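One-letter residues, chain by chain:
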Amino acid sequence: MIYNLHFASAVTAAFLASLVEAVEALTIVLAVAVVRGWRPAGFGALAGLVLLAIIVVALGPLLDRIPLNALQLAIGVLLLLFGMRWLRKAILRAAGIIPLHDEAAAFASETAGLREEERRHEPHVDWFAGLASFKAVLLEGLEVVFIVIAVSAGRNVLIPVSVAALTACLLIATIGLLIHRPLARVPENVLKFAVGVMLTAFGLFWTGEGLGVPWPGSDLSILAFIAVFLMTGLGAVAVLKSRGKVISP
Amino acid sequence: MRIFVVVVHALAGLFVEDGAFALTIIAVVAIAGACTALLPNGAWASGFILLLGCLVTLLVNVILARPRGG
């Protein structure tokens, strides 16, 4: 049962996080495709995927050589930094302290930037456009790889977690190719809130494991951490909203 | 070279956005680690410090955050 709970929470966290990352990468690839066509957008994205695959194949086996406690501690701390950053931002966005991330606005900004490049660097503009697509796929892809490794660290769930992440990325890529528009309707902040809570819970768990903390209930404590951080996050949003500290329109 | 700098900067940005926030999290982990190393039965205290420290760090940071225009 404990394995199943760990499995379910790891797969869910990886799937939801990958959805968010894939939506962000898709927005930039689409902006490149709209301004310069699918050739630079596709080549850039493909080059990003190839480099990502090389990094995973080259560095993946090295993880097995690191002692488990050190690996858990390192991944736990990174996951805490990563997850709490997402959770903090999602709380501030939900409370109206900072503006919500808007994929349509990000698309418009990326498109405007590329058109400006087009105006200034006419001979190399496809190169710049391809580079934007490459960078988006590489960086968002690295985030997905990190999350997959982090939530499956030390447990035998790497393959199902990888499949969940890959499914999310393929799902978003397919929808993006079909509708040719940024996915502005995806409730990105809700997803980031949920993923921030889950990654923070995993980060706390792994950091403790790395330090030798005997968490009560072992892996079950991850669920308790999820509940605690979820309630804390929702409570913080309610407090901030009640204080009326919101951005001016 | 420029793309390399951009990628490294973006990678660091995955983990650190608000420097004080990130440093406080690392300080909480360091204190928890010191507890495990120095105290008898420090592992339990370490777990408690980790959980409470992360919750307080998060709450204080968001409560003190100032509105940014959109």
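Everything in this summary refers to the structure shown in the same document. (Residues numbered from 1 in each chain as written. Chains lettered and ligands numbered in written order. Predicted model: local features only at pLDDT ≥ 70, side-chain atom pairs only at ≥ 80, totals over all residues.)

This paragraph deals with the overall build of chain B. Helix and strand counts for chain B stand at 3 helices and 0 strands. Counted from the first residue to the last, chain B has its helices and strands arranged as α-α-α. Here the C-alpha radius of gyration of chain B, 16 Å, is well above what a compact globule of 70 residues would show, namely 11 Å. Put simply, chain B has 70 residues, and 24% of those count as buried. (Helix = DSSP H or I, 4+ residues; strand = E, 2+ residues; numbered from the N terminus. Rg over C-alpha atoms; globule rule 2.2 N^0.38 Å. Buried ≥ 20, exposed ≤ 12 C-beta atoms within 10 Å, placed from the backbone.)

Turning next to the interface of chain A and chain B. Listed as interface residues are 35 residues of chain A and, on the opposing side, 32 residues of chain B. Elements with a minimum of two residues in the side of chain A that touches chain B: α3 (68–94), α5 (125–151), α7 (188–211) and α8 (220–242) of chain A. Ranked by residues supplied to the side of chain A that touches chain B, first place goes to α3(A) with 11 residues. Partitioned by chemical class, the residues of the side of chain A that touches chain B number 25 nonpolar, 5 polar and 5 charged. (Contact = placed C-beta atoms within 7 Å. Nonpolar A, V, L, I, M, F, W, Y, C, P; charged D, E, K, R; others polar.)

So, about the nonpolar core. All names here are of chain A. Counting 99 residues, the largest nonpolar core has Ala13, Ala14, Val29, Val32, Ala201 and Phe202 as the members making the most contacts within it. Top element by residues in this core is helix α1 (residues 2–36). It accounts for 19 residues. For Val29, the contacting residues outside a window of four places in its chain are Ala41, Ala45, Ser133, Ala136 and Val137. (Core = buried A, V, L, I, M, F, W, Y, C linked by C-beta atoms within 7 Å.)

Attention shifts here to helix α2 (residues 38–63) of chain A. Its 26 residues give α2(A) an end-to-end C-alpha distance of 36 Å, which sits within 8% of 38 Å, the value for a rise of 1.5 Å per residue. Turning to α2(A), its buried residues are A:Pro40, A:Ala41, A:Gly44, A:Ala45 and A:Gly48. (Expected span 1.5 Å × (residues − 1).)

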